[in-house]
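Analysis of the macromolecular model
Next come the chains, spelled out residue by residue.
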Amino acid sequence: MPLPTAWLPALAAFEAAARHQNFAHAAEELHLTASAVSHHVRKLEGLLGVTLFQRHARGVSLTIEGRQLSDAAQSALADIDDVMRDLGDTREERHRVRITTMLSLAHTWLLPRLPDFTSAHPHVRVRIDTEMALTSFDEGGPDLGIRYGLGHWPGMTAHHLMPDAMFPVASPDLPGVEHVSAPADIQKLPLVGDHARQSWQDWFRAAEVHGARIDVRYSFSDTTNALLAAARGLGAALARDKVSEPFLSNGSLVRLPGPSLPTRYSYFVVYPSHRRLRAAARTFVDWVLTQPGRAPPPPVARKPPTL
């Protein structure tokens, strides 16, 4: 039996509300008011004769029946969206993937590995965005992203890519580094910081250096710039495990004594839950999720990387 067309607006409103678990957020996505979304949902409940949402003071939650309909609606709308986007795409667009990530990860971890991807998938064209602001995955935006966090972003599917850890590094030519034999000695050096959620204070605490005198001479918004500053002898920096690979490999930075502190955050591959990935984007996701255990050959030059 064909689905009555009068149900379609109500189903679209319900699917967005179920995905967000919030009428206001669904309304913003659909360019409606929250009351209009609520009206559509109540209309659908009346047509079906079941309750789809439990209303409570802090918002709404799906009932068992609501969850059944939500799963079916999301799958059906994703199929339709996938076909419509494929029909609207040119052949060239079907082979493009747009990725948003952090400059530090793109420069030091992703770019050295991209030749392997290109060799395996020469037909795919890759665009990488590294804006500081958190990118919106709206229509016309990136297909997917690599984000740093706890792994929970509303409306996003997140695949764990790799954990992270922090440890101290410095240029072998930094004055005074030759006298560093224990974690407490690091506080005698000029320090370089970045805007990471965990800092020198966290590391010294993990190293059991209590009451450390933390003198951050230089602070950068991006980890890559902090590592470049350290490689040029401005001070000791806290290196993140993944993005420090090329600096340690070419000898422009060396590890200093002390523990490797696991961070509270990890790297995740993310994309909108309501939208199926294009074939090129799916190919990239499948490839990048195999990468954490592999490292590129170390550079032969012993000089700081340049941007």
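Relevant structure appears above.
Now for a quick tour of the structure.

1. Describing the overall build of the protein
Across its full length, the protein holds eleven helices and 13 strands. Residues counted as buried form 44% of the 307 residues belonging to the protein. Taking the intrachain contacts of the protein between residues at least 6 apart in sequence as the baseline, contacts between residues at least 24 apart amount to 75%.

2. Re the packing of helix α2 (residues 23-30) against helix α3 (residues 34-48)
For any two helices packed against each other, one specifies the crossing angle of their axes together with the interaxial distance. Contact geometry of α2 with α3 gives a least axis separation of 8 Å together with a crossing angle of 105°. With respect to α3, the element α2 is oriented roughly perpendicular. Side by side, α2 and α3 meet where Phe 23, Ala 24, Ala 26 and Ala 27 of the first sit next to Ala 34, Val 37, Ser 38 and Val 41 of the second. Here the residues of the contact of α2 with α3 sort into seven nonpolar, one polar and no charged.

3. Some words on the packing of aromatic side chains
Inspection of every chain in the model, using the stated rule, returns eleven aromatic pairs. Note on Trp 153 and Phe 268: the rings are 5.8 Å apart at their centroids and 75° apart in plane angle, and the pair reads as edge-to-face. With a gap of 115 residues between them, Trp 153 in the loop between β5 (144-149) and β6 (156-162) and Phe 268 in strand β13 (residues 266-272) connect regions that are remote in the sequence. Residue classification places Phe 268 among the buried residues on the basis of a relative accessible area of 9%. With a centroid separation of 5.3 Å and an interplanar angle of 70°, the aromatic rings of Trp 203 and Phe 204 are classed as edge-to-face. Each residue in the set Phe 14, Phe 23 and Phe 53 is aromatic and connected to the rest through ring pairs, giving one cluster. Sitting above the plane of the Tyr 148 ring, Arg 240 keeps its charged end 4.7 Å from the centroid. In this arrangement the basic side chain of Arg 255 is found over the ring face of Phe 167, its NZ or CZ atom lying 3.9 Å from the centre.

4. Focus on the pairing of strand β9 (residues 216-220)
With four bridges connecting them, strand β8 (residues 191-194) and β9 associate as parallel partners. Note on β9: the bridge partner recorded for Asp 194 is Phe 220. With helix α8 (residues 200-206) bridging β8 and the parallel β9, this β-α-β connection has right-handed handedness.

5. A word on a nonpolar patch on the surface
Nonpolar side chains collect at one region of the surface, where Leu 47, Leu 48 and Val 50 lie side by side and expose about 210 Å² of accessible area between them. Overall, Val 50 belongs to the partly exposed group, its relative accessible area being 30%.

6. Considering the pattern of salt bridges
Enumeration according to the criterion identifies 14 salt bridges in this entry. For the salt bridge of Glu 45 with Arg 55, the shortest nitrogen-to-oxygen distance reads 2.9 Å. With a gap of ten residues between them, Glu 45 in helix α3 and Arg 55 in strand β1 (residues 53-56) connect regions that are remote in the sequence. The class for Glu 45 is buried, based on a relative accessible area of 11%. Here Arg 55 falls in the partly exposed class, since its relative accessible area comes to 32%. Through salt bridges with shared partners, a single ionic network connects Glu 15, Arg 19 and Glu 29.

Rules of the game
- Residues numbered from 1 in each chain as written.
- Predicted model: local features only at pLDDT ≥ 70, side-chain atom pairs only at ≥ 80, totals over all residues.
- Heavy atoms only, no water.
- Helix = DSSP H or I, 4+ residues; strand = E, 2+ residues; numbered from the N terminus.
- Buried < 20%, exposed > 50% of the residue type's maximum accessible area, 1.4 Å probe, protein only.
- Contact = heavy atoms within 4.5 Å.
- Axes fitted to C-alpha atoms, helices over the stretch in contact; angles between N-to-C directions.
- Parallel < 35°, antiparallel > 145°, perpendicular 65-115°, else oblique.
- Nonpolar A, V, L, I, M, F, W, Y, C, P; charged D, E, K, R; others polar.
- Phe/Tyr/Trp six-rings, centres within 6.5 Å; stacked < 30°, edge-to-face > 60°.
- Lys NZ or Arg CZ within 6 Å of the ring centre and 35° of its normal.
- Pairing = 2+ DSSP bridges.
- Right-handed = clockwise from strand over helix to strand, strands pointing away.
- Patch = residues over 30% accessible without salt bridge, like charges linked within 9 Å, V, L, I, M, F, W, Y side chains within 5 Å.
- Areas by Shrake-Rupley, 256 points an atom, 1.4 Å probe, with all protein chains shown as cover.
- Salt bridge = Lys/Arg side-chain N within 4 Å of Asp/Glu carboxyl O.

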